[in-house]
Amino acid sequence: MTRLLRARRRTGSRTRRLLELHLLVAVFSALLSMTALLVSYREVQNAAGEMRTHAAPAVQGVASTQLALLRAHREAVTSVDHGIDRVVGAGARYEAQLAAANQGLSRLSDVQIDGARGRGILETVNGVLTSYSGSITPGTAKYVDDELMQAQKLAEAKRQLDRPGTGVVPRLDVLQQHQMRRMTRISTLGPLQRTGWAVAELGLLVLALTLLSALRLLRTRCGRSLEPWLLTALLLTAALAVLPLRATAATQERLDGARHALTAIDERAADHDRLAEAQSYVTRTSLDLRDRLAAESWQSWTYYGALGAGALVLLLPVAGLGRRLTADYYWRAG
């Protein structure tokens, strides 16, 4: 009889240590996986928000501003070539395009994503553009009867627009190159983010296997055919392994599409031969891109759902295994 009691006590002690080990692994894997999952998910959502509010408008703004400036100059030259400048100066189309360019520069100061360097470029561009206006206006209004002075002023204005390195358009090209690199980093899932998702999914896998092992342990050694707390935690773990990853994949797909669209906008803005067609393309693609980047409500709520489910995944194993350890372990174990 004494030997039997000692054998049961040793078996119970081993079972208790196994339950404690399962509890420890479950808590650790839940903490690790949920921390990695929530941080990784939030990073992707933040990238989508930055893309929508800053990166995309900044790239679109530079493209549309460049095209408006070049179109304005072309309209002014056309006005001179057709003799319209004698009546209306540079013309209404020139004024409309120049106004659009000035509005674009004003918006760029708020949304550009090149930091202090970008602000410096825009300040210089505004200064050069003031000099440009000081050349184009006399060329289309003051010297309409002096062809030599008019030609000199128009040539001077054109140099201020496209002079390599120092002209308005080349400076905006430099800003755009910096912004495109920044935009690519924002919209691409980097190695650190991939590692975060790998850690999250691996941690959830370990948690699921631990919960399955704990359910089996309770059934075989503790006489419990079903532990509802652990079963609920297992179902939540499976949901956490699928739903946030699916939401992230959908968001990343939107970011990839936006990156390709912005690259196409940048390439099309370099087409200075067909300015009207390029302007139309940039406007049309920008409107489509704005709708494409709009966040879907279910993706925003997924974060808060994952946060709540993560708390339950952490607490439910503690409640389920803790109850077995403290309530009826001694007479059921073994």
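It should be emphasised that the depicted structure is a prediction, and the values quoted were computed from it without experimental measurement. (Residues numbered from 1 in each chain as written. Predicted model: local features only at pLDDT ≥ 70, side-chain atom pairs only at ≥ 80, totals over all residues. Heavy atoms only, no water.)

Visitor: How should I be thinking about the confidence of the model for the chain in this particular structure?
Guide: Low-confidence regions, as indicated by low pLDDT, have predicted coordinates that should not be scrutinised in detail. Chain-level statistics for the chain give a pLDDT mean of 83 and a share of 85% at 70 or above. Least confident of the elements in the chain is helix α2 (residues 85-88), whose mean pLDDT is 44; most confident is helix α6 (residues 168-187), at 92. When the criterion is pLDDT under 50, residues 1-11 qualifies, and its contacts beyond four places in sequence or with other chains add up to three contacts. Contacts from residues 85-89, a stretch scored under 50 in pLDDT, to residues over four places away or in other chains number 10 contacts. (pLDDT = per-residue confidence, 0-100. Helix = DSSP H or I, 4+ residues; strand = E, 2+ residues; numbered from the N terminus. Contact = heavy atoms within 4.5 Å.)

Visitor: Looking at this structure, how should I read the environment of T283?
Guide: Tracing the chain through its elements places T283 in helix α9 (residues 275-292). Since its relative accessible area comes to 48%, T283 is described here as partly exposed. A sequence separation of 18 residues divides T283 from I265, and the C-alpha atoms of the two residues are 9.2 Å apart. (Buried < 20%, exposed > 50% of the residue type's maximum accessible area, 1.4 Å probe, protein only.)

Visitor: I would appreciate a short explanation of the pattern of salt bridges in the present structure.
Guide: In a structure, side chains of opposite charge can pair up when their charged atoms sit close to one another. Under the counting rule described, the total for this entry stands at six salt bridges. Here R259 ties to D256 by a salt bridge, and the two come within 3.1 Å at their closest N and O atoms. Residue R259 and its partner D256 are located together in helix α8 (residues 228-269), separated by three residues, close to a single helical turn. D256 gets classed as partly exposed once you look at its relative accessible area, which sits at 26%. (Salt bridge = Lys/Arg side-chain N within 4 Å of Asp/Glu carboxyl O.)

Visitor: Would you take a moment to explain the packing of α6 against α8 for this structure?
Guide: Helix-helix packing is described using two parameters, namely the angle between the two axes and the distance between the axes. Viewed as axis vectors pointing N to C, α6 and α8 meet at an angle of 165°, and their least axial separation amounts to 10 Å. The orientation of α6 with respect to α8, classified from their angle, is roughly antiparallel. α6 and α8 meet at a crossing whose hand is left-handed. Contacts between α6 and α8 pair Q176, M180, M183, T184 and S187 from the former with Q252, L255, D256, R259, L262, T263 and D266 from the latter. The residue makeup of the contact of α6 with α8, split by class, is four nonpolar, five polar and three charged. (Axes fitted to C-alpha atoms, helices over the stretch in contact; angles between N-to-C directions. Parallel < 35°, antiparallel > 145°, perpendicular 65-115°, else oblique. Left-handed = near helix turned anticlockwise from the far one by under 90°. Nonpolar A, V, L, I, M, F, W, Y, C, P; charged D, E, K, R; others polar.)

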